[in-house]
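Each chain, letter by letter, is given below.
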Amino acid sequence: MAGPRYPVSVRAAALVQTERLQTYAFSVRWSDDSNTFVRRSWDEFRRLHKTLKETFPVEAGLLRRSDRILPKLPDALLLVRGGRTGKGLARLRLLETYSGTLVAAERVPWGLALTSFFAPQPQDLEPTLPPGSMIIVPVPEEPLPRPVGSLSIRSLEALSLHCVHPFSTWDTQGRPFHARVQEALEVLLRHPSGWWLVVNEHQQTAWFPAPYLEEATGQEQEGGQPLGSSGSQFCTSRAYEGSRADELSVPVGARVRVLEMSDRGWWLCRFGCRTGLLPSVLLQPDGLGVLLSGPGGEETGWARLKAPPEPSQATTLPPTVPARPPRSAIQSRCCTITRRALGKDSRGQGPP
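Just so it is clear, the structure is predicted and the values come from calculations on it, not from any experiment.

A.B. asks: Mind showing me how you'd approach the pairing of strand β1 (residues 7–17) here?
C.D. replies: It is a general feature of regular strands that their side chains alternate between the two faces of the sheet. Burial analysis of β1 places 8 of its 11 residues in the buried class, the great majority of the element. Strand direction decides the pairing type here: β1 and strand β2 (residues 22–30), joined by 9 bridges, are antiparallel. Bridged to R11 within β2 is S27. Linkage of β1 to β2, two consecutive antiparallel strands, is achieved through a turn of 4 residues.

Laid out in structure tokens, this is it:
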């Protein structure tokens, strides 16, 4: 790989919260077109800011305020709506603005410090998150316009899937919700229990079992690649420099798609717009990246379904419906918007 890389953009991805610690997940785009997810704590950002002020006093405005180009690191208000989680989300937005200003500034001396700070650390490369972690994805500050009285639950991007077997349930307003074979449903929210929030062509919103949904045959992503060939997402535990034309060169923490696995120790992967071989010992599941990825390339904890049965196989058994989690368990972990939506559901069907 030619020359040292450096971050070109930093975007807030999620708040990762445990019982005692909050970390802030960011999607970092690098100069070599790679993208990594990193998690940093508030104290780590404070130490970075303190180091930059001590190392670059002129740029920090310590000698003359008019020379200041180092942005301030503001903190969230002491009393923020939403308690601890609300304050964490407020900090996440502030840190995104702060990081973006540092990265976007031209001809600044702290480039090496930023590269070191946002470089993937061991905790960023772990295949799983700490036990008991809760991932909270911020909603846009300016939501899209919607009809008055509609359910205000939205994911970052909707995914259209097809129903593989007839299924009937109740929508979030307590009305009957019927899905036909091959009916297109848009997924608004994916819940780890196996029940996903979907909307049909009549704009009915309901919790639907994930095993009854699959990608439509021939459906393609924006990049033109079939969804079925997107592969599982992995990240590299260390950098690798390809020595042959059919090998990839990747930095540490790079997110790649494994297209084909082999017991010979070399896997066929896609990195950006390039496809090539990588040693399998360098690859491990991308725990945070899988949860935060957009549609078309994510693994959600359930196996991908095969193609729907042919009409002659109509006697096959329907998919297994996952158990619904108890309402009390969901209410203890959901956000305020979802808790209010639960209060409108008189029948109490499905998660949140």
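A.B. asks: I'm lost on the sheet that holds strand β3 (residues 35–41) in this one. Help?
C.D. replies: Think of a sheet as strands paired side by side through backbone hydrogen bonds, with each pair either parallel or antiparallel. A sheet is described by the order of its strands in space; here 4 strands give the open sequence β3-β2-β1-β4, paired in antiparallel fashion. Bordering the open sheet on either side are β3 and β4 (134–136), each of which pairs with just one other strand. Within this sheet the neighbouring strands show an average axis-to-axis angle of 35 degrees, counted without direction. Direction of pairing for β1 relative to β4: antiparallel, over a ladder of 3 bridges. Considered in β4, the bridge of V16 is made with I135. Sheet strands in contact with helix α1 (residues 42–55) are β2 and β3, and its direction is about 90 degrees off that of β3.

A.B. asks: What is the right way to look at the nonpolar core in this model?
C.D. replies: One recurring pattern in soluble globular proteins is that nonpolar side chains are buried together. Counting residues in each nonpolar core, the largest one holds 27 residues, and the members touching the most others are F26, L52 and F118. Only β1, β2, α1, α2 (83–104) and α3 (111–118) provide two or more residues apiece to this core. The element contributing the most residues to this core is α2, with 6 residues. Look past the residues within four positions of F26 in its chain and what remains in contact with it is V10, R11, A12, A13, T36, F37, V38, F45, L92, L95 and E96.

A.B. asks: Help me out: how do you make sense of the pairing of strand β10 (residues 205–209) in this one?
C.D. replies: Burial of β10 is extensive: 5 of the 5 residues sit out of reach of the surface. Side chains of β10 alternate between two faces, with T205, W207 and P209 and A206 and F208 buried alike. Pairing of strand β9 (residues 195–199) with β10 involves 5 bridges; the strand directions are antiparallel. Residue pairing in the sheet places V199 in a bridge with T205 of β10. What sits between the antiparallel neighbours β9 and β10 is a turn of 5 residues, in which Q203 has the positive phi angle 65 degrees.

Basis of the calculations
- Residues numbered from 1 in each chain as written.
- Predicted model: local features only at pLDDT ≥ 70, side-chain atom pairs only at ≥ 80, totals over all residues.
- Heavy atoms only, no water.
- Buried < 20%, exposed > 50% of the residue type's maximum accessible area, 1.4 Å probe, protein only.
- Helix = DSSP H or I, 4+ residues; strand = E, 2+ residues; numbered from the N terminus.
- Pairing = 2+ DSSP bridges.
- Axes fitted to C-alpha atoms, helices over the stretch in contact; angles between N-to-C directions.
- Contact = heavy atoms within 4.5 Å.
- Core = buried A, V, L, I, M, F, W, Y, C linked by side-chain atoms within 4.5 Å.

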